[in-house]
Amino acid sequence: MKVLLIMPDANMHKFWVFGRLKSAREAPLTLTTLAAIGSQDPDIEFRLVDESVDCVPLDYPADLVGISVLTGTSRRAYALADHFQRRGIPVVLGGVHVSILPDEAARYADAIVIGMAEQTWPRLLRDFQVGKMAPVYREEPADGDVACGIPTPRYDLQRNSGYVMPYTVMATRGCAHTCDFCTVPVVWKQYLRRPIADVIRDVKAIPSRRFCINDVSPFDDADYAKELLHALIPLKKKWGALATTRIASDPELLDLLVRSGCRYLLLGFESISQRSLNRIYKGFNTKEDYGEVMRRLHQAHIVVQGCFVFGFDEDDKDIFAATVEEVQRLKIDIPRYSLYTPYPGTILFQRLQQEGRILTYDWGSYDTMHVVIQPKRMTPVELYEGFRWAYRETFRWKNILRRSAGRGTRLPIVLIGNMVYRKFTRRIDMLKGFELPLGPLTDADAGDRGLMDEAEQRPPTSRAKRPVPWA
Ligand code: B12
Ligand code: SF4
């Protein structure tokens, strides 16, 4: 049986390099994990297509198609689902967006999978083979706080050369925090840790010295993290990960990061305003400590990608220049900016909906690069223009060079990272002009079943859509 697994892309991180697609980010674990889980049955042949690095083979002779859906990619996912269903091929949808809005996703699929799929995916595949696939599969919460039995991802099935970082590993799932804009605590209510032996097995399976841990919060349980880092030391690998700013406050953890080969961390600073941080339930980030966080991580020769968000209720037009200035002062190696986005299911979504401040329910714009809310202290246009200005200003050569001064042996990686985002800055300006390989989505694309139009997408309690001035 042939199963085609697709990760649709919103054209965010991909670039054409010498005629081939290249993703400037790490490979997702989703498809390689699903293929690994399903590979327990030798009769199933998986083909993996991540649209960040591949084009979807629209004529592939699949028996079953599985599509992973994020909110920002849902329109694309539904159009692809429609395409394969019209060819008579059953489609299964799963992933974050499906778990949050199962009723919406169910309209575009023969079956949906809610939550993690370690138990449900093999069951679905078995049911499908005997012609009894159910319309909904829902993973039960784990018993306790340990995630057991997750197999080593099928790295052999992804186009590794397409990624800047092809090898990703998972150690934990979920997050112990509840930032108001974040989907993670909504979808994964538990903070799970995988057995250290399983993680080390996966790291050993990687045919490279470099890998990354792409869990959202892998160091939150300090005891677990220290045990894991101890176990990584003998493997002599170089790795990167996501973390919170609290990582730098524990000297033992910091020392273990260095000894185990950590070279890169992505940190969510989010804002330079403590009031904003408190308001979004991220008060554990202390603005006053940012300088010390950066000093310690730089001392440990760790490259820091620092993420900031614009559009918080406390933000006014001064926030852009103030943030860029702080980014320069802190010498954030690779800064990144996003727009405050109310993903469905989040605390933020509920609040802004009640306040009538959601401008569009077109999920295609929920990529943190489009303004989808009415900001409190500026107009949507001012927010968008400020965001673009901040990108342009931050990635001017003179600012890149000022930030990178003194980075010693890490300078090449810092400069490469900045060059990618310099290019990305131009992409933000072009976002509206992009067309996906299947063509722009229209009602005609969707055929009889119809892509959701805006009225359908709008939850019944919401206010009418207001025009976005620059659309
Ligand atoms: C690595 C990562 C990335 C990578 C890879 C992208 C990707 N598609 O995974 C990169 C860096 C490119 C990326 C980019 C972005 N990301 Co991201 N990313 C992640 C991260 C940290 C891990 C994903 C992962 O590999 N998980 C491990 C795998 C095994 O788990 P999984 O994907 O959930 O899959 C399991 C189940 O969900 C299910 N499943 C999933 N799909 C399917 C499909 C089928 C058919 C079946 C049966 C089951 C199934 O089975 C799997 C096994 O149990 C998640 C956070 C998280 N914990 O999920 C955020 C996350 C997915 N990202 C998020 C966001 C917002 C973004 C960006 C918009 C950020 C930005 N501004 O750049 C972009 C958008 C990318 C796009 N194309 O639109 C949000 C999504 C929110 C939402 N509602 O959609 C998340 C949840 C983070 C968050 N804090 O909320 N991201
Ligand atoms: S933004 Fe980061 S720290 Fe906050 S809940 Fe999400 S994953 Fe956790």
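Up top you'll find the structure we're talking about.
The following refers to the structure shown. No experiment lies behind these values; they were computed from the predicted model shown.

Before going further, it helps to spend a moment on the packing of aromatic side chains. Applying the stated criterion to the full structure yields 23 aromatic pairs. Seen in terms of ring centroids, Tyr343 and Tyr366 are 6.3 Å apart; in terms of plane orientation they differ by 65 degrees. Their pairing is edge-to-face. Placement of the pair is Tyr343 in the loop between strand 17 (334–339) and helix 13 (347–354) and Tyr366 in the loop between helix 13 and helix 14 (380–394), with a sequence separation of 23 residues. By relative accessible area, which is 17% here, Tyr343 ends up buried. Its relative accessible area of 0% is what places Tyr366 among the buried residues. Between Tyr384 and Phe387, the aromatic rings sit 6.2 Å apart at their centres with planes inclined by 35 degrees, giving tilted as the arrangement. Taken together, the residues span about one helical turn, with Tyr384 and Phe387 both in helix 14 at a distance of 3 residues.

Our next topic: the site of ligand 2. Around ligand 2 sit Cys175, His177, Cys179, Phe181, Cys182, Pro185, Val216 and Lys282, and that is every residue in its neighbourhood. Considered class by class, the residues forming the shell around ligand 2 number 6 nonpolar, 1 polar and 1 charged.

On the surface, a nonpolar cluster with roughly 310 Å² of combined accessible area is contributed by Trp397, Leu401 and Met419. In this fold, Leu401 is placed in helix 15 (residues 397–404).

Moving on to the pairing of strand 7 (residues 111–114). Taking every second residue as pointing to the same face, both faces of strand 7 are buried, with Ala111 and Val113 on one and Ile112 and Ile114 on the other. With 3 bridges connecting them, strand 6 (residues 91–94) and strand 7 associate as parallel partners. Paired with Gly94 across the two strands is Val113, which belongs to strand 7. In this view, the connection linking strand 7 to its parallel neighbour strand 8 (residues 136–138) by way of helix 5 (residues 120–129) has left-handed handedness.

Rules of the game
- Residues numbered from 1 in each chain as written.
- Chains lettered and ligands numbered in written order.
- Predicted model: local features only at pLDDT ≥ 70, side-chain atom pairs only at ≥ 80, totals over all residues.
- Heavy atoms only, no water.
- Phe/Tyr/Trp six-rings, centres within 6.5 Å; stacked < 30°, edge-to-face > 60°.
- Helix = DSSP H or I, 4+ residues; strand = E, 2+ residues; numbered from the N terminus.
- Buried < 20%, exposed > 50% of the residue type's maximum accessible area, 1.4 Å probe, protein only.
- Near = heavy atom within 4 Å.
- Nonpolar A, V, L, I, M, F, W, Y, C, P; charged D, E, K, R; others polar.
- Patch = residues over 30% accessible without salt bridge, like charges linked within 9 Å, V, L, I, M, F, W, Y side chains within 5 Å.
- Areas by Shrake-Rupley, 256 points an atom, 1.4 Å probe, with all protein chains shown as cover.
- Salt bridge = Lys/Arg side-chain N within 4 Å of Asp/Glu carboxyl O.
- Pairing = 2+ DSSP bridges.
- Right-handed = clockwise from strand over helix to strand, strands pointing away.

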